[in-house]
Each structure stands twice: as structure tokens, then as C-alpha cells.
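# Breakdown of the fold
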Amino acid sequence: MDNIVLIGFMGSGKTGVGRELSKLLSIPFYDMDDMLEQEAGMPIPEIFRLEGEEGFRKRESGLLTRLAQEKQKNASASVYSTGGGIVTRKENLPLLKKLGTVVFFKVNPGTALERVGDGTSRPMLAGSGREKRVRELMLLRTPMYLACADIVLAMDGYSKEENALRTKIVLQEHGCL
Ligand code: S3P
């Protein structure tokens, strides 16, 4: 089995559903945002504050490059959850594909807004005009997610357990499991 790489907008369920999926498949789960925070020794909002979005994207691309390179050495499959903006750097697209089967968790703006809440953990949505920002970013990024995805799955209206099962079924249908 190849790795499973989850992409999609903030609040699309990459982390929550990804964790459930890894349990269903009995394989490890890795969250790239968590890995970046551990490497940096600080939370993501702090990385943005000190290094800007550019600094964060450099770290993100660096980690993805290493994961894709290390893949050959590591034969056992894992589920990887990525940050919602990983597709904004063009050079990341082939790296995501190299890392594994890319699954795009597609959600409507309403679902994303509901799931991200109004917390401060997501610097890309900081400040006022959150709804407009979600709509704009989603509009810009959706073609990039689609360009990269091997599989597209609409996630609105289901629980994370249901979505994990739906993802497993779709992976089976595509011969990935
Ligand atoms: C970002 C999404 C976040 C995190 C960072 C930037 C984005 O990940 O990588 O705050 O640009 O969409 P999640 O998609 O897991 O929230």
C-alpha cells in the first residue's frame, strides 16, 4: 500500500478524519502541522509572527521535500495530513504526488467556517472578514487542490467517523488498499 496524503482547505477534516482513517487501516498517522511545530519548537501562529507566511511556507516545503525523499527508505505506508496552504507552492505538487495517493477533502465555505470556529490558531484567517477570506482563499486554492488530487471526496454533512469510512471505501474502489 502507498501512503495516503490528505489535502484540502482548513476545516476540511484532514486531521480528525485522517486520524480515524489511520485507525481503520491500522497504519500510522502523521500531521505535518504538528511536525512543523515540533521542529520549530513553537506553535504555527508564532512561526507566522516571527517569520511571516513566507518563512512558514519554506519550512513546510522543506519538510515535504524530506518526507518525499525519505519515502524510498521507508516501505510501510502511513496517512499524512497536510496544511491547507501546501498547494500554494507549485513545486509542492509533484512532491505531494511522490509522497503517496493524494486525496482532496472538498468542503463548502460554510462547513470550513463552522469547523475552524473563531479561534486564533489559524493565522491565515486572522482579523476581521473571516467569511470573505475563507471564500477568497477557497476560490484561489480549489484549482490547485484539484490539479494535485488523485481522488476527490466531498466531505460536507458527515461525521468524521463516517468520512473516514467513506474515504476507506473510495480508496478500496480505486485499488489503493
Ligand atoms: C494554513 C493551514 C493550516 C496551517 C497554517 C496555514 C493555510 O493547516 O498549515 O495555519 O494556509 O491554509 P490546517 O489546514 O490543518 O488548518
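Notes on the structure in this doc start here.

Attention shifts here to helix α7 (residues 160-173). Relative to the 20 Å expected for 14 residues at 1.5 Å per residue, α7 spans 20 Å between its end C-alpha atoms, a close match to the ideal helical length. Of the residues making up α7, those classed as buried are N163, A164, T167, V170 and L171. Buried residues of α7 fall within an arc of 125° about the axis and therefore sit on the same side. Contacts made by the buried residues of α7 are with β1 (4-8), α1 (14-25), β4 (101-106), α5 (109-116) and β5 (151-154). Just downstream of α7, G175 is the residue with a positive phi angle, here 70°.

Here we take up the packing of aromatic side chains. By convention here, two paired aromatic rings are described through the distance between centres and the angle between planes. Counted under the stated rule, the structure contains three aromatic pairs. Taking 4.9 Å as the distance between ring centres and 35° as the angle between the ring planes, the aromatic pair formed by F48 and F56 counts as tilted. Side by side, F48 and F56 carry an identical accessibility label, which is buried. Pairing F104 with Y145 gives two aromatic rings, centres 4.9 Å apart and planes at 25°, and the pair type is stacked. Linking F104 in strand β4 with Y145 in helix α6 (residues 130-148), this pair joins segments that are 41 residues apart in sequence. Judged by relative accessible area, which is 1%, Y145 ranks as buried. Just above the ring of Y158 sits the side chain of R166; from NZ or CZ to the centre is 4.0 Å.

The next thing to look at is the pairing of β5. Every second residue of β5 is oriented toward a common face, the buried set being I151 and L153 and the non-buried set V152 and A154. For β4 and β5, the ladder comprises four bridges, and the chain directions are parallel. Paired with K106 across the two strands is A154, which belongs to β5.

If you check which residues of helix α4 (residues 92-99) are buried, you get N92, L93, L95, L96 and L99. In a view along the axis of α4, the buried residues occupy a sector of 165°, so they form one face of it.

Attention now goes to the environment of L99. As for its position among the elements, L99 is in helix α4. Measuring from C-alpha to C-alpha, the distance between L99 and M10 comes to 20 Å, with 89 residues separating the pair along the chain.

What follows covers the pairing of β1. Of all the five residues making up β1, five are buried; the element is thus mostly covered by neighbouring parts of the structure. Burial of β1 is two-sided: the residues I4, L6 and G8 facing one way and the residues V5 and I7 facing the other way are all buried. Pairing between β1 and β4: five bridges, direction parallel. Within β4, the position partnered with G8 by the bridge is F105.

This part is about the pattern of salt bridges. Where charged atoms of side chains with opposite charge meet at close range, the side chains can pair. Throughout the structure, instances matching the rule amount to twelve salt bridges. In this structure, the salt-bridge partner of K71 is D2, at a minimum N-O distance of 2.9 Å. In this pair, K71 sits in the loop between α3 (44-70) and β3 (79-81) while D2 sits in the segment before β1, placing the two residues 69 residues apart along the sequence. Accessibility expressed as a relative area gives 23% for K71, which makes it partly exposed. You can call D2 partly exposed: its relative accessible area is 31%. Linking R89 and E91 is a salt bridge whose minimum nitrogen-to-oxygen distance equals 3.4 Å. A relative accessible area of 43% means that E91 is categorised as partly exposed. Salt bridges linked by common partners bring E53, R57 and E60 together as one network.

What counts and how
- Residues numbered from 1 in each chain as written.
- Predicted model: local features only at pLDDT ≥ 70, side-chain atom pairs only at ≥ 80, totals over all residues.
- Heavy atoms only, no water.
- Helix = DSSP H or I, 4+ residues; strand = E, 2+ residues; numbered from the N terminus.
- Expected span 1.5 Å × (residues − 1).
- Buried < 20%, exposed > 50% of the residue type's maximum accessible area, 1.4 Å probe, protein only.
- Arc of directions from axis to C-beta.
- Contact = heavy atoms within 4.5 Å.
- Phe/Tyr/Trp six-rings, centres within 6.5 Å; stacked < 30°, edge-to-face > 60°.
- Lys NZ or Arg CZ within 6 Å of the ring centre and 35° of its normal.
- Pairing = 2+ DSSP bridges.
- Salt bridge = Lys/Arg side-chain N within 4 Å of Asp/Glu carboxyl O.

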